[in-house]
Structures are given as structure tokens and as C-alpha cells.
Amino acid sequence: MHPWEKELQEPQHSGSEAPEAAEGPGNWLRFHFGLFGSIRANEFSRANKANKRGDWKDPAPRRLLQPEQIITNGSRMFLMRDLTFSAIPRLVLYFENGGFLVFYNCRMHWCSSPRADPASDILSVEFHRGQALDALRTPNPVCYTLLDQRYFSGLGNIIKNETLYLAKIHPLTQGTFLALLDLERLLDCAIQFSSDWLHDKLHGRKLRLQIYQKEQCPLGHAVMKETLGPSGGWKRLTWWCPQCQPAVLSDHGDPSPGTE
């Protein structure tokens, strides 16, 4: 079974979901679009430029879609699931009235409630700093924790990399090795960078990156790159400057290891 097929079959629950609000596990399909995902209504994506061969061939699935009928809240839909993980589109939902929705470049999983917890949204006025700081204080590398959507909803890989550089913290530093002031600064950097990015995007300005996908940091130091992530979880490319973001030493003088 392909990993993304498994994630569709397993209901997932968040700690913020109220059991009485859900009508049963697996009733809702949640989509994560990341930076490049998109959704179209009643149309498929069309080519907007020629490909490397010089033709204008539209994006299409690399394999045939496999239909399976599902019932959601009394409305019948036909879920067309592609067997190829990287294929386009990722999912097509056909409705009885003839309409359809097409999903591209997204992650999907079943959940028991459609509600999102604003306390985990780093740009929400209801964002819970205490909850976020408690998550960062765990004995896990901070680069893993920052991508945990239960506590940092909307924080992605670019924000993770830039935030760690701005806070001058090594990505594999365990949260328990950092002082509260360091964790506060890390959280402040994450919120400020995210807010600035949104502000720039709304005003049509290009995002200025300091470490993500760079060979040198702004001070001219060579940048390290490695794929990091928890065992059994998503691993993401991570960039850091060994000089600006030195490894934190434990009480025994050992570098902070990455827990698995």
C-alpha cells in the first residue's frame, strides 16, 4: 500500500476536536495544500506555457484514476483516486449535479471534525503562546516541533528554516536544552517572519530569504543542508549555518543529538 493511500484510510483526530461535534470518525476529508497545492471547480488545469519539448500538453494523470463511491453527509460523491503519488491531479470528486472538484499537489487524511483550532494558528489573535512554548520545550529537535501542525498550524518548511536562522538556533537542538528566553525568541521570530511574509505577499513583494536554499548565509559562511525529520514521519530539507547556528552542548559537553 502506498503511504498516501494509508493516510486516507486512517482517521486522524486532533486534541482540539470536540467529540460531540463529530458525527463519527472518517466523515471529513482534510486537505493540506502547502505552498504549491491548488483546487479547481468544474475544470482541469490547463497548460499555461510550453513544456521542455515545446508543446502545450495539459497536465494529466500518469495512470488511470480508480473510482470508488463514497457517501458523505447524505450526499453521494464519486472519489477518483490516482494510484501514482506524484501524479496530477491528486484527487477528483464528482457530484451528482454534474459538478466536480479537482485537487492538485496536496496531502489528504480523514478526520472526525472540520473545525480547526485557532489556538495553533500562528497568525491568529487566539494563538496560544503557552501551548506552543510547552511543545518547544520537549526533548525533540526544534526543527521537528516547528512543523508539528497541532501547535504551529500554517508553519511550513521555508518558515522553519528562516525562523531557526533568525533565532540563531541549530535545527537539531533539543527543546529541553534551550533557555526560556531562547524559546521565546524562536517563537517571536516564527510569528514575525510569517506576518512579514503575508504582508509582502498581499502587497506583491517578493519574499527575501536568508538561509533557505542558499549556499552561503548573509555573513558569507558556508551553509549545511540535510534532510531531517522524525523516524516514521515526514523528512524535510533543512539549511543552517554551523557558525551562526552552533550546536548546543548538553551538561556533559556533548552536542544536542537529534532524537528519533
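Bear in mind that the values here come from a model prediction, so they are computed numbers and not experimental data. Counting of residues starts from 1 at the beginning of each chain's written sequence and follows it residue by residue. This being a predicted model, a pLDDT of at least 70 is required before a residue's local features are given, and a value of 80 or more before pairs of side-chain atoms are given or counted; all residues contribute to the totals for chains, interfaces and linings. Processing note: side-chain calculations cover all non-hydrogen atoms of the structure and skip hydrogens and water entirely.

Asks: I tried to follow the overall build of the protein chain on my own but got confused; where do I start?
Replies: The helix and strand inventory of the protein chain stands at five helices and 10 strands. Only protein chains enter the accessibility calculation, which uses a 1.4 Å probe; a residue is then buried when its area is under 20% of its type maximum, exposed when over 50%, and partly exposed in between. When the 260 residues of the protein chain are sorted by exposure, 36% land in the buried category. Here, two residues are considered to be in contact whenever any of their heavy atoms come within 4.5 Å of each other. In the protein chain, once contacts between residues fewer than 6 apart in sequence are set aside, the share between residues at least 24 apart is 59%. Values of accessible area rely on a 1.4 Å probe in the Shrake-Rupley scheme; residue burial ignores everything except the protein chains shown. Surface summary for the protein chain: the accessible area is close to 15,600 Å², and the carbon and sulfur share equals 53%. Here a strand is any run of E in DSSP of at least two residues, a helix any run of H or I of at least four, and the numbering for each starts at the N terminus.

Asks: Looking at this structure, how should I read the nonpolar core?
Replies: Most often, soluble globular proteins have nonpolar side chains that are buried together. Of all hydrophobic cores here, the largest spans 36 residues; its most connected members are Phe152 and Leu186. Elements with a contribution of two residues or more to this core: α2 (129-136), α3 (142-145), α4 (157-166), α5 (180-202) and β10 (236-240). For this core, the element with the most residues is α5, which contributes seven residues. Each nonpolar core is a collection of buried residues, namely Ala, Val, Leu, Ile, Met, Phe, Trp, Tyr and Cys, held together in the definition by side-chain atoms within 4.5 Å. Residues Leu29, Phe103, Met108 and Trp110 belong to the second largest nonpolar core, which totals seven residues.

Asks: Sorry if this is basic, but what is going on with the packing of aromatic side chains here?
Replies: Aromatic rings considered in pairs are described by the distance between their centres and by the relative angle of their planes. Side-chain rings of Phe, Tyr and Trp (the six-membered ring for Trp) are treated as a pair once their centres are within 6.5 Å; stacked means planes under 30 degrees apart, edge-to-face means over 60, and tilted covers the remaining angles. Inspection of the entire model under this criterion finds four aromatic pairs. Look at Tyr94 and Phe100: their rings are 5.4 Å apart centre to centre, the planes differ by 40°, and that puts the pair in the tilted class. The buried category is assigned to Phe100, whose relative accessible area is 14%. Two conditions define a charge sitting above a ring: the NZ of Lys or the CZ of Arg must be within 6 Å of the ring centre, and it must be within 35 degrees of the ring normal. Between the NZ or CZ atom of Lys168 and the centre of the ring of Tyr165, over which it lies, the distance is 4.2 Å.

Asks: Even after reading the chapter, I still don't get the packing of α4 against α5, so can you show me in this structure?
Replies: Between two packed helices, what matters for the description is the angle formed by their axes and the separation of those axes. Taken N-terminus to C-terminus, the directions of α4 and α5 make an angle of 130°; their axes are 9 Å apart at the nearest point. By the angle between their directions, the pair α4 and α5 is classed as oblique. Pair α4 / α5 crosses with right-handed handedness. Residue-level contacts link Ile158, Ile159, Glu162, Thr163, Leu164 and Leu166 of α4 to Leu186, Cys189, Ala190, Phe193, Ser194 and Trp197 of α5. Gly falls in the polar group here, along with every residue not listed as nonpolar (Ala, Val, Leu, Ile, Met, Phe, Trp, Tyr, Cys, Pro) or charged (Asp, Glu, Lys, Arg). Residues belonging to the contact of α4 with α5 are distributed by class as follows: nine nonpolar, two polar and one charged. Note on geometry: axes are C-alpha line fits, over the in-contact stretch for helices, and angles between N-to-C directions span 0 to 180 degrees. The cut-offs work like this: below 35 degrees is roughly parallel, past 145 is roughly antiparallel, 65 to 115 is roughly perpendicular, and the gaps in between are oblique. Two helices cross in a left-handed way if the nearer one is turned anticlockwise from the farther one by less than a right angle. They cross in a right-handed way if the turn is clockwise.

Asks: Sorry if this is basic, but what is going on with the environment of Ala247 here?
Replies: One can find Ala247 in the segment after β10. Residue Ala247 is classed as partly exposed on the basis of its relative accessible area of 42%. The spatial distance from the C-alpha of Ala247 to the C-alpha of Pro171 is 8.5 Å, given a sequence separation of 76 residues.

Asks: Would you mind showing me how to read the environment of Ile191 here?
Replies: Along the polypeptide, Ile191 turns up in helix α5. Along the backbone, Ile191 and Ile122 are 69 residues apart, and their C-alpha atoms lie at a distance of 6.0 Å. The residues touching Ile191, leaving out its near neighbours within four places in the chain, are Ile122, Leu123, Phe127 and Arg129.

Asks: Explain the pattern of salt bridges here, please?
Replies: Pairing is possible between side chains that carry opposite charge, provided their charged atoms lie close to one another. Throughout this description, the term salt bridge denotes a Lys or Arg side-chain nitrogen within 4 Å of a carboxyl oxygen of Asp or Glu. Enumeration over the complete set of coordinates arrives at seven salt bridges. Among the salt bridges present, the one from Arg150 reaches Asp148, with a minimum N-O distance of 2.7 Å. Among the ionic pairs, Arg185 bridges to Asp182, the shortest N-O distance being 3.0 Å. Residue Arg185 and its partner Asp182 are both found in helix α5; the two are separated by three residues, about one turn of the helix. Residue class for Arg185 comes out partly exposed when judged on its relative accessible area of 35%. Of the residues examined, Asp182 reaches a relative accessible area of 24% and is grouped as partly exposed. Salt bridges linked by common partners bring Arg129, Glu184 and Asp188 together as one network.

Asks: Any chance you could explain the confidence of the model for the protein chain here in plain terms?
Replies: On average, the protein chain scores 77 in pLDDT, and the residues at 70 or more come to 67%. Confidence, read as mean pLDDT per element, is least for strand β1 (residues 11-12) in the protein chain (42) and greatest for α4 (97). Values of pLDDT, the confidence the predictor places in each residue, fall between 0 and 100. The low-confidence segment residues 61-75 (pLDDT under 50) makes 37 contacts with residues lying over four places distant or belonging to another chain. Here residues 77-87 is a poorly scored stretch, pLDDT under 50, and it has 51 contacts once near neighbours within four places are set aside; other chains count.

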